[in-house]
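# Close look at the chain arrangement
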Amino acid sequence: MLSRQRWFYRIRQFISALIAIIHLEERVLLVRVLSDPQLLRFERMPRFVQRHSLDVYHALWRAGHANPYLLQAALLHDCGKVDEEGRAIPLLYYGLIVVVQHYAPGLYERAARDGRGLLYPFALHASHERRSVAYAAAAGSHPAVVQILRDYAERRATPFTEALRAADDAN
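Below is a summary of the structure that appears in this document. (Residues numbered from 1 in each chain as written. Predicted model: local features only at pLDDT ≥ 70, side-chain atom pairs only at ≥ 80, totals over all residues. Heavy atoms only, no water.)

## Considerations on the pattern of salt bridges
Evaluation of the coordinates by the stated rule reveals 11 salt bridges. Across the pair lysine 81 and aspartate 78 runs a salt bridge whose closest N-O atoms are separated by 3.5 Å. Look at the salt bridges and you will find they share partners, linking Glu26, Arg51 and Asp55 into a network. (Salt bridge = Lys/Arg side-chain N within 4 Å of Asp/Glu carboxyl O.)

Below is the structure:
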């Protein structure tokens, strides 16, 4: 069961997503850190997903992680939440996905497998990590960035994926 603390965290996360802002200095950072094709991929994400990715980046940086490949992976780890046609997971689905994954994982799996109509966001969510790997590779990312994302998607524990998971879970 989700604890009261986790519910409040999720509510704060939703409100933060509604008012997500990307600051000018962060736009400058993105241009400095990402290649043009990576930046285009980042820009395809909804603003609230961009904000989350930047928050993961900042959390890693504050924790002392300066590896440029890990930091690029942080910015791209959720780019697969947008499909090739530019369809993204609507914000309201995130709360539903979290609740269904937690309380009815079998239902989440069935919805993700079906993936038609109103269930499409479940399919997009369930496959977003693998899609992020493919998008990062197609954007010409360094093989180390692609490997970090692949390890992350496949739940391989490495120092980079553990750091990324901790920052992702905290944001």
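Anyway, onward from the coordinates.
## Comments concerning the nonpolar core
Generally speaking, nonpolar side chains in soluble globular proteins are found buried as a group. Residues Leu34, Leu60, Leu75, Phe122 and Leu164 are the most contacted members of the largest nonpolar core, which totals 48 residues. Per element, the largest residue contribution to this core is 7 residues, and it comes from helix H4 (residues 47–62). (Core = buried A, V, L, I, M, F, W, Y, C linked by side-chain atoms within 4.5 Å. Buried < 20%, exposed > 50% of the residue type's maximum accessible area, 1.4 Å probe, protein only. Helix = DSSP H or I, 4+ residues; strand = E, 2+ residues; numbered from the N terminus.)

## Topic: the packing of aromatic side chains
In total, this model carries 3 aromatic pairs according to the counting rule given. Ring pairs connect the aromatic residues Tyr93, Tyr108 and Phe122, which therefore count as one cluster. Over the ring of tyrosine 135 we find arginine 41, and its NZ or CZ is 3.6 Å from the ring centre. Above the plane of the ring of tyrosine 120 lies arginine 87, whose end atom (NZ or CZ) is 4.4 Å from the centre. (Phe/Tyr/Trp six-rings, centres within 6.5 Å; stacked < 30°, edge-to-face > 60°. Lys NZ or Arg CZ within 6 Å of the ring centre and 35° of its normal.)

## A closer look at the side chain of glutamine 72
Its location among the elements puts glutamine 72 in helix H5 (residues 68–76). We classify glutamine 72 as buried; its relative accessible area is 13%. A distance of 2.9 Å separates a polar side-chain atom of glutamine 72 from the backbone oxygen of valine 33. At 3.1 Å, the side chain of glutamine 72 and the side chain of glutamine 38 are in polar contact. (Polar contact = N/O pair within 3.5 Å; in protein donor to acceptor, adjacent residues only side chain to side chain.)

## Some thoughts on the side chain of serine 127
Summarising the element assignment, serine 127 is placed in the loop between helix H8 (120–126) and helix H9 (128–138). Serine 127 gets classed as buried once you look at its relative accessible area, which sits at 15%. Here arginine 131 takes part through its side chain, which lies 2.4 Å from a polar atom of the side chain of serine 127.

## A short note on a nonpolar patch on the surface
Judged by side-chain polarity, Phe8, Ile11, Phe14, Ile15, Leu18, Ile19 and Leu92 come together as a nonpolar surface patch covering roughly 710 Å² of accessible area. When residues in the nonpolar patch are grouped by element, the largest group, 5 residues, is from helix H1 (residues 4–18). (Patch = residues over 30% accessible without salt bridge, like charges linked within 9 Å, V, L, I, M, F, W, Y side chains within 5 Å. Areas by Shrake-Rupley, 256 points an atom, 1.4 Å probe, with all protein chains shown as cover.)

## As for H9
The complete set of buried residues in H9 reads His128, Glu129, Arg131, Ser132, Val133, Tyr135 and Ala136. The inward-facing, buried residues of H9 abut helix H3 (36–44), H5, H8, helix H10 (143–153) and helix H11 (159–170). Immediately beyond the C-terminal end of H9, within one or two residues, lies glycine 140, with a positive phi of roughly 80°. (Contact = heavy atoms within 4.5 Å.)

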